[in-house]
Amino acid sequence: MGLDTVELVLAVEETFTIEIPDAVAARLITVGDLHACVVERVTLRRDLAVDPYAIFVRLRDLICAQLGVKPEAVVPGARFVEDLRAD
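Note that the structure is predicted; figures quoted are calculated from it, not measured.

Draft legend 1. Highlighting the overall build of the protein. Across its full length, the protein holds four helices and zero strands. Along its sequence from the N terminus, the protein presents helices and strands in the succession α-α-α-α. Counting only C-alpha atoms, the protein reaches 40 × 25 × 20 Å along its principal axes. Counting only contacts in the protein whose residues sit at least 6 apart along the sequence, the fraction spanning at least 24 positions is 46%. Total accessible area on the protein is roughly 5,300 Å²; 54% of this is exposed by carbon and sulfur atoms. Averaging the positions of the 9 positive and the 15 negative side-chain charges in the protein gives two centres separated by 3 Å.

Quick look at the structure:
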């Protein structure tokens, strides 16, 4: 996992007030993987309403800010290393 991805995971943890163990983070390849992980972890907290679409929008905005990519590039199948690079 590259430094950009590590920083993204840390930002996601802070934004959603969740923890993503290193072993889990190492398996996150696509935006969809990250989204599913966040939805699962937020659901486990039970103190927040879970709206998968709202979580995706927040993730998309965070990914755009962290990686410098355009929103239309952030789709569930996009891979962090191969597909999400700043223009």
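Draft legend 2. Quick look at the side chain of Glu 13. Mapping Glu 13 onto the fold places it in helix 1 (residues 3-16). Although Glu 13 is buried, it makes no salt bridge; Arg 41 carries the closest opposite charge, 7.6 Å away. Side-chain polar atoms of Glu 13 contact the backbone nitrogen of Ile 20, separated by 2.7 Å.

Draft legend 3. Examining helix 3 (residues 31-45) more closely. Between its first and last C-alpha atoms helix 3 spans 21 Å; for 15 residues at 1.5 Å apiece the expected length is 21 Å, and the two agree. Within the sequence span of helix 3, burial applies to Val 31, Leu 34, His 35, Cys 37, Val 38, Val 39 and Val 42. Count one or two residues on from helix 3 and you reach Arg 46, which has phi positive near 60°.

Draft legend 4. Spatial organisation of unusual backbone geometry. Of note, the phi angle at Thr 17 is positive, near 50°, even though the residue is not glycine. Within the secondary structure, Thr 17 is located in the loop between helix 1 and helix 2 (22-25).

Scoring rules and cut-offs
- Residues numbered from 1 in each chain as written.
- Predicted model: local features only at pLDDT ≥ 70, side-chain atom pairs only at ≥ 80, totals over all residues.
- Heavy atoms only, no water.
- Helix = DSSP H or I, 4+ residues; strand = E, 2+ residues; numbered from the N terminus.
- Contact = heavy atoms within 4.5 Å.
- Areas by Shrake-Rupley, 256 points an atom, 1.4 Å probe, with all protein chains shown as cover.
- Lys, Arg positive; Asp, Glu negative; His and termini not counted.
- Charge placed at Lys NZ, Arg CZ, Asp CG, Glu CD.
- Buried < 20%, exposed > 50% of the residue type's maximum accessible area, 1.4 Å probe, protein only.
- Salt bridge = Lys/Arg side-chain N within 4 Å of Asp/Glu carboxyl O.
- Polar contact = N/O pair within 3.5 Å; in protein donor to acceptor, adjacent residues only side chain to side chain.
- Expected span 1.5 Å × (residues − 1).

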